[in-house]
Amino acid sequence: MQITVKNSFNRVLNFFELVCIVLAIIHLIDFYHAEASRLISDSPANSGGADDFPRFLEPMNNVTVRVGQAARFQCVIDNLKNRKISWFRIDRHILLGTGSKGRITKDSRISIGNHSSKVFYMQIDNVKESDQGEYMCDISTLQTMRQSAFLQVNVAPSFIDELTSSDTDVNEGDSVSLRCAARGNPQPKIEWRREDRVDIVAASEEPSSSSFDEPHEPSKRIYGEFLNMTNIKWPQMGAYLCIANNSIPHSISKRIFLGVNFAPLIWTSNARVGAPLDGVAQLTCTVDAYPNPTILWLRASDNQIIEESPKYSLSSSKIGIFKHEVRLTIKKIQSSDFGGYICVAKYILNEASAKIALYEVPRPPIRAGPKKNSNRGEKIESHSQQESKSRHEIKKENEREKLNIASSLLTDLFQDNSPAQNTAQSSDTQVNSNNNMDDVNNEDTNSGAYRSSSFSPDPLILFSCGVVICVSRLIEFHNQRITVYFFTN
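This section reports on the structure supplied with the text. Fair warning: this is a prediction, and the values are worked out from it, not measured in the lab.

**Comments concerning the sheet that holds strand 19 (residues 272-275)**
The four strands are arranged 19-25-24-21 in an open sheet whose pairing can be described as mixed. The sheet is open, and its two edges are formed by strand 19 and strand 21 (294-299), each paired on a single side. Ignoring which end each strand starts from, the neighbouring axes of this sheet average 25° apart.

**A word on the sheet that holds strand 7 (residues 110-114)**
Sheet architecture is open: four strands sit in the order 1-3-8-7, paired in antiparallel fashion. Each edge of the open sheet is held by one strand with a lone partner, namely strand 1 (55-56) and strand 7. The sheet contact formed by strand 3 (residues 71-78) and strand 8 (residues 119-124) spans six bridges and is antiparallel. Bridge pairing in strand 8 places C75 opposite F120.

**Examining the pairing of strand 14 (residues 189-194)**
By the bridge criterion, six bridges tie strand 14 to strand 17 (residues 238-245) in an arrangement that is antiparallel. Opposite R194, over in strand 17, you have Y240 as the bridge partner. As judged from the two bridges shared by strand 14 and strand 15 (residues 222-223), these two strands associate in the antiparallel manner. Residue pairing in the sheet places W192 in a bridge with I222 of strand 15.

**A closer look at the packing of aromatic side chains**
Evaluated as defined, the whole model comprises five aromatic pairs. Consider the rings of F262 and F322, whose centres lie 5.9 Å apart with planes at 85°: the pair is edge-to-face. Of this pair, F262 sits in strand 18 (residues 252-267) while F322 is found in the loop between strand 22 (312-319) and strand 23 (323-330), placing the two residues 60 residues apart along the sequence. Taking relative accessible area as the criterion, F262 reaches 3% and is therefore assigned buried.

**Quick word on the state of the cysteines**
For the coordinates displayed, the defined rule picks out three disulfides. The side chain of C285 participates in a disulfide bridge whose partner is C343; the two sulfur atoms lie 2.2 Å from each other. With C285 in strand 20 (residues 281-290) and C343 in strand 24 (residues 339-346), this pair connects stretches of sequence that are 58 residues apart. One exposure class covers both C285 and C343, and it is buried.

**Some points on the pattern of salt bridges**
Considering all chains together, one arrives at 15 salt bridges under this definition. We note a salt bridge from R327 to E325, for which the minimum N-O separation is 2.8 Å. On the accessibility criterion, R327 (17% relative accessible area) is buried. Of the residues examined, E325 reaches a relative accessible area of 26% and is grouped as partly exposed.

About the thresholds
- Residues numbered from 1 in each chain as written.
- Predicted model: local features only at pLDDT ≥ 70, side-chain atom pairs only at ≥ 80, totals over all residues.
- Heavy atoms only, no water.
- Pairing = 2+ DSSP bridges.
- Helix = DSSP H or I, 4+ residues; strand = E, 2+ residues; numbered from the N terminus.
- Axes fitted to C-alpha atoms, helices over the stretch in contact; angles between N-to-C directions.
- Phe/Tyr/Trp six-rings, centres within 6.5 Å; stacked < 30°, edge-to-face > 60°.
- Buried < 20%, exposed > 50% of the residue type's maximum accessible area, 1.4 Å probe, protein only.
- Disulfide = S-S within 2.5 Å.
- Salt bridge = Lys/Arg side-chain N within 4 Å of Asp/Glu carboxyl O.

And the structure:
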């Protein structure tokens, strides 16, 4: 009896299992039938034609921006209807958002939206260099419908300090390699120039050589991350500019100074300097050296170092990178100061010196002052003679000369004939007048004063001139209380 009940129970269970299996099969058939119907309805042939199926109206364009700017991708779709659009970053397999839900990613710089039923966009604000990559716009259909474009992020060049050379000093004859490392997008190109625009001599060429063979010809520009120079000579010393450029504003440059240590060179343009006693002399020498040498002045007689003092003045000036001009000024020169002086330039590698001789020259004579002429051609006296006379003597001589001229005029008047006689005897008067003029000239010459030879022979004019001169002299002498000169002379 128990066995019969147990078998009946098993049969019931098997029946229910069979029913469940049948129901499951029926449900799966309905599901696949529904999906097949939807697929058939989505096909262009069964959906009213190709005009009802979604399609892209234009390609999705690549975008190029600089760091910090905004980048926007755009999809233009027709007949999207109730279908969804999604945005992906392909290279990282990241879903950024969908048309219905908007942004999904946590990056707040990304925004998703649409301008109309056809224009959909995805925008990235404040673009970073890491945002560069490929982005995709996808339509959710059974058939694959998607577009993609590339985001190019341009980055201005910048130097990698830990990989870029700094100021460098080397010894003459050594080799050196200068490096300039930069980053940016696109990768910057490196260019080397000399700051002073002199040609760059790379590899093992001699800077002093007058000709070079290809491909080692000096150039104003060298391209590449490294600038290699061997067998360095002192003319290659200077400032080099490393310029990084990737066409993204702005290009950058770094100044790298290359110093070449070399033994001092010294010379003087004047090995002999002359100066008078109690005068001043300046001794000058020129020194080429790098780095800055120690420069001393010595007395050649005892090798004693000359230091700054009221008698000695030391000065120097730097011309360019390695040229120095040093001067020694000696004041109030005495006999003991004449002799040799040595200019010495010292450096670790070597030292150099130049000798300058200081010798005595006679003091230049005192130049005479300008000469002075008298009013009427009297004899010329030098400036030194005029200064030796007192003011009173000069004034006295001038007055005496004027009185002599007036006396000569009066003498001519009194010695001439009357006007009536001159009219009757014109020929005799002319002869006498000429003789009197000669006598007056002789008297004036003996007295040390020159008389003008342009007097008119007319007695009336001579008389008038004499009267005017006499009256003028009398008034002047009266005012000066020296009228006695007129009567005594």
